[in-house]
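Examination of the molecular architecture
Listed here are the chains, written in short residue letters.
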Amino acid sequence: WIFTQVFDKNPVLFHAGNLILFIAIVALIYQIVYRLSRDCLLAFLTSLFYAAHPIHSMLVNYVTACNASTFVLTLEASFLFFMLYFPQRKNRLLILLSLFFFVLGLFSHEMSMIFPLFIVSYLYFIEKESWKSISLYSWAYFVMAGLYFLFRLKFFSLHRSIEGTTTMLPNLSAYIVTQVDLLGW
């Protein structure tokens, strides 16, 4: 909506906007990988390979790709603010910014609902936190995802999608297994 308001359906401006979003995505990838590894070369090569991979050309070439770019950018920002908050756990503004960008990510794409699992994985595998600590620092993300799910179920077409999927499929368990496999992948 913002792109349409600002660029007035001009495809050149849409592509320029998408390019700016993509550059921001690559910059945040660099920051995240650097903070995880403390290796400038690894962070540079990772972001370079991400930028050069042909699958990401869609994010710049498609006029409507700003939704996908916004989704990626908001979740990267949310994760980066969480990583900045976690070591000292003192600056509450950082965790609030992380939650804010997570909510923006939810409104950008439904796939953001799995982001709390990413936070849990980070805390468990990278920070080596206990399950008690993990639940303490991730509960707000799960609550936000749950509230978004209920909001989406009540006010938008998600309930029709769920009902349509369950009535179309003769075997609901096969559908659930497929979704779990895709999530695991």
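Below is a short write-up of the structure.

Cut-offs and rules
Each residue is numbered by its place in its chain's sequence as written, counting from 1. The predicted origin of the model limits local features to residues at a pLDDT of at least 70 and limits the giving and counting of side-chain atom pairs to 80 or more, whereas totals for whole chains, interfaces and linings rest on all residues. Only heavy atoms go into the side-chain values, all of them from the structure, while hydrogens and water stay out. Numbering of helices and strands runs from the N terminus, with a helix taken as a DSSP run of H or I at least four residues long and a strand as a DSSP run of E at least two residues long. Exposure classes here rest on a 1.4 Å probe applied to the protein chains alone. A residue is buried below 20% of its type maximum, exposed above 50%, and partly exposed in between. The criterion used for residue contact is that any of the two residues' heavy atoms lie within 4.5 Å. For the accessible areas, the method is Shrake-Rupley and the probe is 1.4 Å, while residue cover comes only from the protein chains on display. In this tally Asp and Glu are treated as negative and Lys and Arg as positive; neither His nor the chain ends contributes. The atom standing in for a charge is NZ when the residue is Lys, CZ when it is Arg, CG when it is Asp and CD when it is Glu. Salt bridges are identified by distance alone: a Lys or Arg side-chain nitrogen within 4 Å of an Asp or Glu carboxyl oxygen. To count toward a patch, a residue needs a relative accessible area over 30% and no salt bridge; like charges are then connected within 9 Å, while nonpolar side chains (Val, Leu, Ile, Met, Phe, Trp, Tyr) are connected within 5 Å. Between the first and last residue of a helix there are one fewer steps than residues, each counted as 1.5 Å, and that sum is the expected span. Whenever a helix is involved, its axis is fitted only over the stretch in contact; in every case the axis is a line through C-alpha atoms, and angles between N-to-C directions fall within 0 to 180 degrees. Here a crossing is called left-handed whenever its near helix is offset anticlockwise from the far helix by less than a right angle, and right-handed whenever the offset is clockwise. As a working rule, the residues Ala, Val, Leu, Ile, Met, Phe, Trp, Tyr, Cys and Pro are called nonpolar, Asp, Glu, Lys and Arg charged, and the rest polar, with Gly in that last group.

Brief notes about the overall build of the protein
Per the secondary structure count, the protein includes 10 helices and 0 strands. Mapped from its N terminus to its C terminus, the protein presents α and β elements in the order α-α-α-α-α-α-α-α-α-α. Seen along its three principal axes, the alpha-carbon backbone of the protein occupies a region of about 50 × 50 × 30 Å. A buried classification covers 33% of the 185 residues belonging to the protein. In the protein, 62% of the contacts between residues at least 6 apart in sequence involve partners at least 24 apart. For the protein, the exposed surface amounts to about 12,000 Å²; the carbon and sulfur share of it is 71%. For the protein, the centre of its 11 positive side-chain charges and the centre of its 8 negative side-chain charges are spaced 10 Å apart.

Topic: the pattern of salt bridges
A side chain of one charge can pair with a side chain of the opposite charge when the charged atoms of the two come close. Within the structure shown, the criterion is met by 2 salt bridges. We note a salt bridge from Glu-129 to Arg-89, for which the minimum N-O separation is 3.2 Å. With Glu-129 in the loop between helix 7 (115–126) and helix 8 (131–155) and Arg-89 in the loop between helix 5 (66–85) and helix 6 (92–108), this pair connects stretches of sequence that are 40 residues apart. We classify Glu-129 as buried; its relative accessible area is 19%. Close ionic contact of Arg-152 with Glu-110 constitutes a salt bridge, the shortest N to O distance being 3.0 Å. Of this pair, Arg-152 sits in helix 8 while Glu-110 sits in the loop between helix 6 and helix 7, and the two are 42 residues apart along the sequence.

Examining unusual backbone geometry
Despite not being glycine, Arg-38 shows a phi value in the positive range, around 55°. With respect to the helices and strands, Arg-38 occurs in the loop between helix 2 (11–37) and helix 3 (40–52). One non-glycine residue with positive phi stands out, namely Lys-128, at about 55°. With a relative accessible area of 64%, Lys-128 lands in the exposed category.

Section: a nonpolar patch on the surface
A contiguous nonpolar surface patch, about 660 Å² in accessible area, is contributed by Leu-136, Trp-139, Val-143, Met-144, Leu-147, Phe-149 and Leu-150. You can see Leu-150 is positioned in helix 8. When its relative accessible area of 52% is taken as the criterion, Leu-150 is described as exposed.

Observations concerning helix 6
Between its first and last C-alpha atoms helix 6 spans 24 Å; for 17 residues at 1.5 Å apiece the expected length is 24 Å, and the two agree. Next to the buried residues of helix 6 lie helix 5, helix 7 and helix 8.

Observations regarding the side chain of Ser-69
Take Ser-69: it is sitting in helix 5. According to the relative accessible area criterion, Ser-69 is buried, its value standing at 0%. What Ser-69 contacts, discounting residues up to four positions off in sequence, is Leu-21, Ile-25 and Leu-59.

Structural notes on helix 2
Along its 27 residues, helix 2 runs 38 Å from first to last C-alpha, staying within 8% of the 39 Å computed at 1.5 Å per residue. If you check which residues of helix 2 are buried, you get Phe-14, Gly-17, Asn-18, Leu-21, Phe-22, Ile-25, Val-26, Leu-28, Ile-29, Ile-32 and Val-33. Looking at the buried positions of helix 2, the neighbouring elements they touch are helix 1 (2–7), helix 3, helix 4 (57–61) and helix 5. Where helix 2 terminates, the next one or two residues include Arg-38, which has phi positive at roughly 55°.

Remarks on the packing of helix 5 against helix 7
Between helix 5 and helix 7, the shortest axis-to-axis distance is 11 Å and the interhelical angle comes to 30°. Between helix 5 and helix 7 lies a crossing whose hand is right-handed. Between helix 5 and helix 7, the residues in contact are Leu-75, Ser-78, Phe-79, Phe-82 and Met-83 and Phe-115, Phe-118, Ile-119, Tyr-122 and Leu-123, respectively. Partitioned by chemical class, the residues of the contact of helix 5 with helix 7 number 9 nonpolar, 1 polar and no charged.

Remember that the coordinates give geometry; whether it matters functionally is a separate question.
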